[in-house]
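# Geometric and topological summary
So you can see what is in the structure, the chains are spelled out below.
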Amino acid sequence: MRIGMGYDVHRLVRERELVLGGVKIPYELGLLGHSDADVLLHAVMDALLGAAGLGDIGKHFPDTDPAYAGISSGKLLAHVAGLVREKGYIVENIDATVIAQRPKIGPYIPQMEENIASALCVSSEQVNIKATTEEGLGFTGSGEGISAHAVCLLQTIYEGSAVVADSGEPCAGCGGCGGCE
């Protein structure tokens, strides 16, 4: 088993969409970044890459590469999922926390969990997202930015092969992830 931890933070600015966990959230501010600046998915990707010993998102998707300008972080997460599978790992679970004073994101969490599960070809029961405020403290508490922490547990395909083989169920994604074939 391998454990990974990820963290990301982006500044809130005007004239940007707010995307968290692949969900567009109505709000007057959005996150500034080279891609869609989805801090939640960035933290999840860093956790996965770290656990698999594959570096970080900056190594794989540098912010100096125009190919990633404005790209959906969901596409990047699906790519990371493939890299993790290529290394012989399967995702056991993801646990993440979004830190934002506002907006309230509770109503969007189930869709965020579904989006992450689909990209990783796992059950949404294997993904847990939480949200908290900073009680008005620091840059997130003052509304200047949003941050996210994520932890993942990977196991080798060999450790989980009996579970996978016996399940008889296709993955949550089955959108060509390659994990079901």
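Residues numbered from 1 in each chain as written. Predicted model: local features only at pLDDT ≥ 70, side-chain atom pairs only at ≥ 80, totals over all residues. Heavy atoms only, no water.

### What to know about the overall build of the protein
Using the following cut-off: Secondary structure elements follow DSSP: runs of H or I of four or more residues count as helices, runs of E of two or more count as strands, with numbering from the N terminus. Only protein chains enter the accessibility calculation, which uses a 1.4 Å probe. A residue is then buried if its area is under 20% of the maximum for its type, exposed if over 50%, and partly exposed in between. A contact between two residues is defined here by any heavy atoms of the two lying within 4.5 Å. Residue-level accessible areas treat just the shown protein chains as cover; the underlying method is Shrake-Rupley with a 1.4 Å probe.
Helices and strands together make up the secondary structure of the protein, namely six helices and seven strands. Ordered by position in the sequence, the α and β elements of the protein form the string β-β-β-β-α-α-α-β-α-β-α-β-α. Looking at the protein residue by residue over its 181 residues, the buried ones come to 46%. The long-range fraction of contacts in the protein, counting pairs at least 24 apart against all pairs at least 6 apart in sequence, stands at 72%. Split by element, the accessible area of the protein, about 9100 Å² in all, is 53% carbon and sulfur.

### Description of a nonpolar patch on the surface
Keep this limit in mind: What goes into a patch is any residue over 30% in relative accessible area without a salt bridge, connected to like charges within 9 Å or, for nonpolar side chains (Val, Leu, Ile, Met, Phe, Trp, Tyr), within 5 Å. We count a salt bridge whenever a side-chain nitrogen from Lys or Arg sits within 4 Å of a carboxyl oxygen from Asp or Glu.
A cluster of nonpolar residues, Ile3, Met5, Tyr7, Val9, Phe139 and Val151, forms a patch on the protein surface that exposes about 560 Å² of accessible area. Considering every element that reaches the nonpolar patch, the biggest residue donor is strand E1 (residues 2–13), with four residues. Among the secondary structure elements, Ile3 is positioned in strand E1.

### Some thoughts on the pairing of strand E6 (residues 127–132)
For the record, the criterion: In this description, strands pair whenever DSSP reports at least two bridges between them. Seen with the strands pointing away from the viewer, any crossover whose path from the first strand over the helix to the second strand runs clockwise is right-handed.
Taken together, the six bridges between strand E5 (residues 89–99) and E6 define a ladder with parallel strand orientation. Its bridge partner being in E6, Ile94 is matched across the sheet by Val127. Read as a crossover between parallel neighbours, the route from E5 over helix H4 (residues 109–120) to E6 is right-handed.

### Description of the packing of aromatic side chains
To keep it simple, the criterion reads: Note on aromatic pairs: the rings of Phe, Tyr and Trp (six-membered ring only in Trp) are paired at centre separations within 6.5 Å, and the planes decide the class, stacked below 30 degrees, edge-to-face beyond 60, tilted for the rest.
Counted according to the given criterion, the structure contains one aromatic pair. Centroid distance Phe61 to Tyr68: 5.3 Å. Interplanar angle 80°. Geometry classified as edge-to-face. Exposure class is identical for Phe61 and Tyr68. Each is buried.

### Comments concerning the layout of surface pockets
Keep this limit in mind: A pocket here means an open set of points on a 1 Å grid, computed over the protein atoms alone, that has protein on both sides within 12 Å along at least five of seven lines. A cavity is instead a set of points where a 1.4 Å probe fits but cannot get out; residues with an atom within 4 Å of a point line either one. Grid points are joined across faces, edges and corners, and a volume is the space filled by probe spheres set on the points. Just so you know the grouping, Ala, Val, Leu, Ile, Met, Phe, Trp, Tyr, Cys and Pro go in nonpolar, Asp, Glu, Lys and Arg go in charged, and all remaining residues, Gly too, go in polar.
Roughly 240 Å³ of volume is contained in the second largest pocket. Every residue lining the second largest pocket is counted, 16 residues in all, and those nearest its centre are Ser35, His42, Ile57, Phe61 and Asp63. Elements with a contribution of two residues or more to the lining of the second largest pocket: E1, helix H1 (39–51) and helix H2 (57–60). Residues that form the lining of the second largest pocket fall into these classes: seven nonpolar, six polar and three charged.

### As for the environment of Phe61
Tracing the backbone through its elements, the reader meets Phe61 in the loop between H2 and helix H3 (73–86). Sequence separation between Phe61 and Leu76 is 15 residues; the distance between their C-alpha atoms is 8.1 Å.

### Some points on unusual backbone geometry
A cis geometry characterises the amide bond from Arg102 onward to Pro103, with omega recorded as 0°. With respect to the secondary-structure elements, Pro103 resides in the loop between E5 and H4. Of note, the phi angle at Ala37 is positive, near 65°, even though the residue is not glycine.

### Quick look at H1
Where we set the bar: To estimate how far a helix should reach, multiply one less than its number of residues by 1.5 Å.
With 13 residues, H1 extends 18 Å between its outermost C-alpha atoms, agreeing within 8% with the 18 Å of an ideal straight helix rising 1.5 Å per residue. Burial within H1 is extensive, with 12 of its 13 residues counted as buried. Those residues of H1 not exposed but buried are Val39, Leu40, Leu41, His42, Ala43, Val44, Met45, Asp46, Ala47, Leu48, Leu49 and Ala51. The positive-phi residue at the C-terminal boundary of H1 is Gly53, with phi of around 70°.

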